[in-house]
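Per-entry structural report
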Amino acid sequence: MKLELILEQTQVNLSLLNDGKIIASEIFSYYHDLDDKLITRLDRLLKRNKIDVSSLKSYNILGGLGSEATSHKIAEAFIAGLKV
């Protein structure tokens, strides 16, 4: 299972993929609360689809923000936390 984050300036598309097919997806807006929203929305997606977080084997961050953007760095830290 793969977790894909598509980051835009004020919006995120959080998707769970299995064999390249989207299993579940959620789009949400954020302002200064990206870290909180990533955690709660992923938790919601996993519970709704009865998937354990340990099933996530790969991660991908996409979108129009550069790697120096604060939102991108927050997303990287979020994913690093999931890998532990």
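First, a word on scope: everything that follows refers to the structure included in this document. Per chain, residue numbering runs from 1 following the sequence as it is written. For this predicted model, a pLDDT threshold of at least 70 governs which residues receive local features, and a threshold of 80 or more governs which side-chain atom pairs are given and counted, while totals over whole chains, interfaces and linings are taken from all residues. Hydrogen atoms and water are omitted, and side-chain values are computed over all heavy atoms in the structure.

With respect to the overall build of the protein
Here a helix means four or more residues in a row that DSSP labels H or I, a strand means two or more in a row labelled E, and each is numbered from the N terminus. Within the protein, the regular secondary structure consists of two helices and four strands. Starting at the N terminus and walking to the C terminus, you meet the elements of the protein as β-β-β-α-β-α. For this measure, only C-alpha atoms enter the radius of gyration; the expected value for a globule follows 2.2 Å times N^0.38, where N is the number of residues. For the protein, whose C-alpha radius of gyration is 12 Å, the value lies close to the compact-globule estimate of 12 Å for 84 residues. Dimensions of the protein along its principal axes, counting C-alpha atoms only, are 30 × 25 × 20 Å. Only protein chains enter the area calculation, which uses a 1.4 Å probe; residues under 20% of their type maximum are buried, those over 50% are exposed, and those in between are partly exposed. With 84 residues in all, the protein has 35% of them scored as buried.

Observations concerning the pattern of salt bridges
Each salt bridge in this description consists of a side-chain nitrogen of Lys or Arg and a carboxyl oxygen of Asp or Glu lying within 4 Å of one another. Scanning all chains against the criterion turns up six salt bridges. Residue K37 is joined to D33 by a salt bridge in which the shortest nitrogen-to-oxygen separation is 3.7 Å. The exposure class assigned to D33 is partly exposed, which follows from its relative accessible area of 26%. Linking D43 and K47 is a salt bridge whose minimum nitrogen-to-oxygen distance equals 3.4 Å. On the criterion of helical spacing, the pair formed by D43 and K47 is a turn pair, its members being four residues apart in helix α1 (residues 34-48). Residue D43 is classed as partly exposed on the basis of its relative accessible area of 38%. Here K47 falls in the exposed class, since its relative accessible area comes to 60%. A single network of salt bridges, built from pairs that share partners, joins E26, R41, R44 and R48.

With respect to the nonpolar core
Counting 22 residues, the largest nonpolar core has L3, L5, V12, L16 and L42 as the members making the most contacts within it. Looking at this core, the elements with two or more residues in it are β1 (2-7), β2 (11-18), β3 (21-29), α1, β4 (58-63) and α2 (70-83). Per-element accounting of this core gives the leading share, five residues, to α1. Excluding its chain neighbours within four sequence positions, the residues that come into contact with L3 are L14, S15, L16, L42, L56, S58, Y59, N60, F78 and L82. By nonpolar core we mean a set of buried residues, namely Ala, Val, Leu, Ile, Met, Phe, Trp, Tyr and Cys, connected to one another through side-chain atoms within 4.5 Å. Contacts: residue pairs with any heavy atoms within 4.5 Å of one another.

A word on unusual backbone geometry
Not every positive phi belongs to a glycine, and D19 is a case in point at roughly 55 degrees. Within the fold, D19 resides in the loop between β2 and β3. A residue is classified by how much of its surface remains accessible, and D19, at 74% relative accessible area, is exposed.

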